[in-house]
Amino acid sequence: MSRIIPVEREQALPEVRRAFDEGLARWGRMTNMKRTLLHSLPAYHALMQWYPLFDTVKAFLGERLAIVFAHAISSESHCLICTTFMRRILIQWGEDPNQLKLDKKGELLVAFGRAVAQDGNRVPAELFKSLAAFFTPEQIVALTAFAGLMVATNIINNVLEVDLDEYLYEYRDGKPAGIES
């Protein structure tokens, strides 16, 4: 059970209600993580910058590799919500998230994402050098900033033990405890 109960729109202050409504209009739902972040509007607004950064990396990676990158980071961070969210997309595309078929660039992105998410966030020199062969400095900075926001969302979900949203249950790796399929 979540350590912080997600904000309910009806009980929210007007400025939080506005952010809630804007999020609902933009994404079609307000997830448990977003509703938890609404306890602090600056935190909510900071982490919603994930979307513009995702669009930035998607522009040069393509949507598939951007999702694979986010999945690798979240998986390495052991974030149930973010990993399951990315699994859902990959599964809906007909892929097996546990058996992704990747070229050298994709493999490097997965290795980079996992390295960023590990304790200390250190990326081995050889990995960085290989990454630099595929991406410009501008792209590497965008990838690193996006990875940082991905890790930040993982931290919110993990530390606050945010509950997995029901629409994601069927995409969880393995059968969720207490959930009938």
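Structure's up top.
What you see is a predicted model; the values in this text were computed from it and never measured.

### Some words on the side chain of histidine 71
Right, so step 1: Considering the arrangement of structural elements, one finds histidine 71 in helix H5 (residues 63–76).
Right, so step 2: When its relative accessible area of 7% is taken as the criterion, histidine 71 is described as buried.

### Examining empty space enclosed by the protein
Right, so step 1: Using the criterion set out here, one finds 1 cavity of 30 Å³ or more in the structure.
Right, so step 2: Within this model, the largest cavity holds a volume of roughly 220 Å³.
Right, so step 3: Residue lining of the largest cavity: 16 residues in total, with Met33, Lys34, Tyr51, Cys82 and Phe85 positioned closest to the centre.
Right, so step 4: Here the lining of the largest cavity gets 4 residues from one element, more than from any other, and that element is helix H6 (residues 80–92).
Right, so step 5: Considered class by class, the residues forming the lining of the largest cavity number 12 nonpolar, 2 polar and 2 charged.

### Points about helix H1 (residues 14–27)
Right, so step 1: Between the first and last C-alpha of H1 there are 20 Å, a value that for 14 residues agrees with the 20 Å anticipated at 1.5 Å per step.
Right, so step 2: In this structure, the buried residues of H1 make contact with helix H2 (32–37) and helix H3 (41–47).
Right, so step 3: Phi turns positive, to about 85°, at glycine 28, one or two residues after H1.

Conventions used here
Residues numbered from 1 in each chain as written. Predicted model: local features only at pLDDT ≥ 70, side-chain atom pairs only at ≥ 80, totals over all residues. Heavy atoms only, no water. Helix = DSSP H or I, 4+ residues; strand = E, 2+ residues; numbered from the N terminus. Buried < 20%, exposed > 50% of the residue type's maximum accessible area, 1.4 Å probe, protein only. 1 Å grid on protein atoms, 1.4 Å probe; cavity = no way out; pocket = protein on both sides within 12 Å on 5 of 7 lines; lining within 4 Å. Points joined across faces, edges and corners; volume = space filled by probe spheres on them. Nonpolar A, V, L, I, M, F, W, Y, C, P; charged D, E, K, R; others polar. Expected span 1.5 Å × (residues − 1). Contact = heavy atoms within 4.5 Å.

Taken by themselves, the reported measurements are silent on function.
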